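Chain residues, written in single-letter form:
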Amino acid sequence: MRPILATISQSALRHNLAVVKKHAPNSKVMAAVKANGYGHGIERIAHALCAADGFAVLGLNEAIILREMGFEQPILLLEGVFQPEELAIVKAYQLSLVVHCSQQVVMLEKASPGKPFNVFLKMNTGMNRLGFKPQDYLTVLEHVSKLTPHITLMTHFSTADAAHGVDAPLAIFKQITQHLPYPTSLANSAAILCQPQTHADWVRPGIMLYGATPATGKPATQFSLMPVMQFTSEIISVQTLQAGDTLGYGNRFTATKITRVGVVACGYADGYPRHAGQFSNSQQLHGVPIVVAGRLTQTLGRVSMDMLFADLTDIPEANVGAPVELWGEQVPVDAVAEACGTIGYELLCAVAPRVLMKVVD
């Protein structure tokens, strides 16, 4: 088998969940495991997060997986349902659902009678993605309260990592809801770490559970978070370039001196970003951090489908079979993401199904 591997640490997951509880000790924790557990595999990570008070998912398939694994905590559908017939499944599996638009309210009205739904009613406080406008919220709430008594009020912040990033939306939310007798859910990962005034009854940690940072310019280690995924491979070939030699598709790197290059068994079909590194003509501007044989170096040239290149010029001991960390304990996924012009979320979610994943405690 190819030597590429993603190792998932359950102890790191438990540690990061403990960080959530330390920051928000008076709140219940709704652990976000959408996008197949942020690319880690929902079935691989759920038991390590069993101390969470609930789970948040996107689709019914993920909710059903958790229920059939034996989890009895609340499970929240973050976008609610998309078709009326899905409400029967919601009831059968005792799920909670976000209601964010008038069409979903109509679905609730027409649902078969029985045990009332557990609804998280979403307010749009400025992100302009999902939710009811503040001026309409109380009217909708009054209507939904006639359909079910089980209501939680919620919103979502777009700039919770900024110093005053929640001031305006939080003021809007409080102005509308401050005298209402319902529990509330406001805080995502960034708000949990940076905005304690938002913690309320439920917090909804996502990326922080997986050991990546939700705060621009602040590394995960600043918040005592541990990486859950270590993405590794090996050197499968070594080439020595002379000055003037080019490398890889498009000749996007030209050596200016004798350069030793390691070919790594990982490419964009494995989930590593093809646009890793920025180049201009034949002159490399910068690469992406990568660790070979325990030493930090950088990528060279263009990532291909199944392989990428690492600079071994200053690592003479690295040969075929040398271990490579693409991200994980030595190279934070956020550092790789920054060098690729993206965020750690995208890299973790993009790890391809063909990559073998191994769970360790």
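Residues numbered from 1 in each chain as written. Predicted model: local features only at pLDDT ≥ 70, side-chain atom pairs only at ≥ 80, totals over all residues. Heavy atoms only, no water.

*Asks:* Sorry, what's going on with the environment of His-199 here?
*Replies:* Here His-199 lies in the loop between α9 (189–194) and β9 (202–203). Filtering out sequence-adjacent residues up to four positions away, His-199 remains in contact with His-23, Ala-24, Ser-27, Ala-187, Ala-191 and Ile-192. A polar contact is formed between the side chain of His-199 and the backbone oxygen of His-23, at a distance of 3.4 Å. (Helix = DSSP H or I, 4+ residues; strand = E, 2+ residues; numbered from the N terminus. Contact = heavy atoms within 4.5 Å. Polar contact = N/O pair within 3.5 Å; in protein donor to acceptor, adjacent residues only side chain to side chain.)

*Asks:* What should I look at first to understand the pattern of salt bridges in this one?
*Replies:* Here the idea is simple: oppositely charged side chains can pair when their charged atoms come close. Inspection of every chain in the model, using the stated rule, returns five salt bridges. Put simply, Asp-270 and Arg-2 hold a salt bridge, and the shortest N to O gap is 3.0 Å. In this pair, Asp-270 sits in the loop between β13 (259–264) and β14 (278–280) while Arg-2 sits in the segment before β1 (5–9), placing the two residues 268 residues apart along the sequence. By relative accessible area, which is 0% here, Asp-270 ends up buried. Since its relative accessible area comes to 35%, Arg-2 is described here as partly exposed. (Salt bridge = Lys/Arg side-chain N within 4 Å of Asp/Glu carboxyl O. Buried < 20%, exposed > 50% of the residue type's maximum accessible area, 1.4 Å probe, protein only.)

*Asks:* Teacher, can you tell me more about the packing of aromatic side chains here?
*Replies:* Two aromatic rings are characterised by how far apart their centres lie and by the angle between their planes. Taken as a whole and judged by the stated rule, the model has five aromatic pairs. Their ring planes at 50 degrees and their centres at 4.7 Å tell us that Phe-231 and Trp-327 sit as a pair that is tilted. With Phe-231 in strand β10 (residues 229–241) and Trp-327 in strand β19 (residues 323–327), this pair connects stretches of sequence that are 96 residues apart. According to the relative accessible area criterion, Phe-231 is buried, its value standing at 0%. Taking relative accessible area as the criterion, Trp-327 reaches 0% and is therefore assigned buried. The interplanar angle of 15 degrees and the centroid separation of 6.3 Å between the aromatic rings of Tyr-272 and Trp-327 together place this pair among those described as stacked. Of this pair, Tyr-272 sits in the loop between β13 and β14 while Trp-327 is found in strand β19, placing the two residues 55 residues apart along the sequence. The exposure classification of Tyr-272 matches that of Trp-327, with both residues buried. Put simply, the rings of Tyr-38, Tyr-210 and Tyr-345 touch in pairs and so form one group of aromatic residues. (Phe/Tyr/Trp six-rings, centres within 6.5 Å; stacked < 30°, edge-to-face > 60°.)

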